[in-house]
Amino acid sequence: MNNAFLNKLISTDAGWGALALRIPVGIIFAAHGAQKLFGWFGGYGLEGTGQWMDSIGLSPGYLMALLAGGAEFFGGLALIIGLLVRPASAVLAFAMLIAIFSVHIGNGLFMSNNGYEFGLALLAVSVSLVFSGAGRASIDRAIAAR
């Protein structure tokens, strides 16, 4: 891979604010991904999530569950440790757009009606991290400094 491209991908001038976004949102994404992939934390695992995704028109459901769960779980872990934060955040932002428009948009804004407010907040943080990068206390910053 081109060194200049990698440096641009991981470089960051962001301060501590990115860390304050990365950690809690990374935990949230990783936990939701674990629900989809492994059935942890009260989730339905790949089989159950895949059947549900098929039922709402995201087919093939098993593959969609694998993609969504993988993006959330591994993307969340990437945010937590601060590794490849920009690409992970871009994938997570895309996943949130799909969630908002395929599941939540018809229910209005508020979470109490299964609306899109939570997805919108996660989308906003993900987009912010695409632009800012990982910030301080990240593996990206340590690699870029070398």
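Preceding this paragraph is the structure being described.
Only a predicted model underlies this, so the values are computations on that prediction, with no experimental measurement involved.

Rules behind the numbers
- Residues numbered from 1 in each chain as written.
- Predicted model: local features only at pLDDT ≥ 70, side-chain atom pairs only at ≥ 80, totals over all residues.
- Heavy atoms only, no water.
- Patch = residues over 30% accessible without salt bridge, like charges linked within 9 Å, V, L, I, M, F, W, Y side chains within 5 Å.
- Areas by Shrake-Rupley, 256 points an atom, 1.4 Å probe, with all protein chains shown as cover.
- Salt bridge = Lys/Arg side-chain N within 4 Å of Asp/Glu carboxyl O.
- Helix = DSSP H or I, 4+ residues; strand = E, 2+ residues; numbered from the N terminus.
- Core = buried A, V, L, I, M, F, W, Y, C linked by side-chain atoms within 4.5 Å.
- Buried < 20%, exposed > 50% of the residue type's maximum accessible area, 1.4 Å probe, protein only.
- Contact = heavy atoms within 4.5 Å.

## Quick look at a nonpolar patch on the surface
Stage number 1. Taken together, the side chains of Phe38, Trp40 and Phe41 make up a nonpolar region of the molecular surface, amounting to roughly 370 Å² of accessible area.
Stage number 2. Residue position: Trp40 is located in the loop between α2 (16–38) and α3 (45–55).

## What to know about the nonpolar core
Stage number 1. Val25, Phe29, Leu79 and Leu129 are the most contacted members of the largest nonpolar core, which totals 15 residues.
Stage number 2. With sequence-adjacent residues up to four places away left out, Phe29 is seen in contact with Glu72, Phe73, Gly76, Leu79, Leu92, Met96, Leu122 and Ser126.
Stage number 3. Counting residues in hydrophobic clusters, the runner-up holds eight residues, among them Leu46, Ala65, Ala68 and Phe73.

## Here's the deal with helix α5 (residues 85–104)
Stage number 1. Looking only at α5, the buried set comprises Val85, Arg86, Ala88, Ser89, Leu92, Ala93, Ala95, Met96, Ile100 and His104.
Stage number 2. Of the surrounding secondary structure, the elements contacted by the buried residues of α5 are α1 (3–10), α2, α4 (61–81), α6 (117–132) and α7 (139–145).

## So, the pattern of salt bridges
Stage number 1. With the rule as written, the count across this model stands at one salt bridge.
Stage number 2. Of the charged contacts in the structure, one is a salt bridge between Lys36 and Glu72, with a shortest N-O distance of 2.8 Å. Here Lys36, found in helix α2, pairs with Glu72, found in helix α4; they are 36 residues apart in sequence, far enough to count as distant. Here Lys36 and Glu72 have matching classes, each one buried.

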